[in-house]
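Summary of structural features
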Amino acid sequence: MKFGSSVLASPADAPAVASDIYAEVRRGRRVVAVVSAFAGETDRLLAEARLLGLAHDNPLLPAYVVQGEERSAALTALACDRIGLDAATLTVRELGILAEGPCEHARPVALDRAALERALERHEVVVVPGFGALGPDGRAVLLGRGGSDLTALFLAAELGLDHVQLVKDVDGLYDRDPNADPDARRYDQASWTRPPPRALPRRGVCASRCATTPTATAPRSGPRARRRAACRRVVG
């Protein structure tokens, strides 16, 4: 499962996310939950790092920025523990995604699975940070905008899973943000080989990394409706 900042906007949303995770555990599943930083946190951390650092790509920057996702993961795991789930969390370094390329726009290429598999053997839920990985020199790198979706899909492919839930505040794949534009067009299907012409903005990671059939569940009652886009077949 992957929870972005649209549904995990602040620590106050962690209990609702824990409830979603609990529902999957009740179905007999062990859950890897990938989380983004809280809303606005990544931009704030990037701005702080760039204010003090040099203008060029700085290999020290990612280690500071991924603290946003690691904080979100830790608080989500605490919320899971509070409702009785056996939960653990991993840092970017412990998770062991290996990536290559520019330090702020790296591409995941491998997974050191030992820590994640060990955590899954011992716990019902493992909450992990998205967006971050380790470069060839062992330093933290970033996977670019949309990197938390990419983290979830990459982990699923590496673990041999055939189903990923991307929990969003929209009910599928659109050519633009339907929260901002009521005329946005929703796609019922998207193909890896022939994606919809406008369905690949910078944040359209799901369409660019897997063949998907977006499906929606009934939205949660209350002020923050939650919907799921489920990737039925993950392509590495």
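Keep in mind that what you see is a predicted model, and the values were worked out from it rather than measured. (Residues numbered from 1 in each chain as written. Predicted model: local features only at pLDDT ≥ 70, side-chain atom pairs only at ≥ 80, totals over all residues. Heavy atoms only, no water.)

On a plain count of helices and strands, the protein comes out with eight helices and 14 strands. Here the protein, with 236 residues, has 47% of them falling under the buried criterion. Sequence separation of at least 24 residues holds for 68% of the intrachain contacts in the protein that already meet a minimum separation of 6. Here the protein displays about 11,900 Å² of accessible surface, and carbon together with sulfur accounts for 50% of that area. (Helix = DSSP H or I, 4+ residues; strand = E, 2+ residues; numbered from the N terminus. Buried < 20%, exposed > 50% of the residue type's maximum accessible area, 1.4 Å probe, protein only. Contact = heavy atoms within 4.5 Å. Areas by Shrake-Rupley, 256 points an atom, 1.4 Å probe, with all protein chains shown as cover.)

Right, let's talk about the confidence of the model for the protein for a bit. Averaged over all residues, the pLDDT of the protein equals 83, while 80% of them reach at least 70. For the stretch residues 199–226, pLDDT sits under 50, and the model shows 80 contacts to residues farther than four places along the chain or on other chains. (pLDDT = per-residue confidence, 0-100.)

Moving on, we get to the pairing of strand β6 (residues 125–129). Here β6 lies mainly inside the structure; five of its five residues are buried. Of the two faces of β6, both are covered, the one formed by Val125, Val127 and Pro129 as well as the one formed by Val126 and Val128. Taken together, the five bridges between strand β2 (residues 31–35) and β6 define a ladder with parallel strand orientation. Residue Val34 lies in a different strand from β6, and its bridge partner there is Val128. Strand direction decides the pairing type here: strand β3 (residues 87–89) and β6, joined by three bridges, are parallel. Residue pairing across strands places Ala87 opposite Val125, the latter belonging to β6. (Pairing = 2+ DSSP bridges.)

Attention now goes to the packing of helix α1 (residues 14–26) against helix α4 (residues 67–82). When two helices pack together, their arrangement is given by the angle between their axes and by how far apart the axes lie. Following both chains from N to C, one finds α1 and α4 inclined at 65°, their axes separated by 8 Å at the closest point. α1 and α4 meet at a crossing whose hand is right-handed. Packed against α1, whose contacting residues are Ala14, Pro15, Val17, Ala18 and Ile21, the element α4 presents Leu75, Thr76, Ala79 and Cys80 at the interface. Across the contact of α1 with α4, the residue classes break down as eight nonpolar, one polar and no charged. (Axes fitted to C-alpha atoms, helices over the stretch in contact; angles between N-to-C directions. Left-handed = near helix turned anticlockwise from the far one by under 90°. Nonpolar A, V, L, I, M, F, W, Y, C, P; charged D, E, K, R; others polar.)

This brings us to the side chain of Ser36. By the secondary structure assignment, Ser36 is in the loop between β2 and α2 (41–52). Among the residues examined, Ser36 registers a relative accessible area of 11% and is labelled buried. Here Ser148 takes part through its side chain, which lies 3.2 Å from a polar atom of the side chain of Ser36. Ser36 has contacts with Lys2, Phe3, Gly4, Ser5, Leu8, Glu69, Ser72 and Ser148, leaving out every residue within four places of it along the chain. (Polar contact = N/O pair within 3.5 Å; in protein donor to acceptor, adjacent residues only side chain to side chain.)

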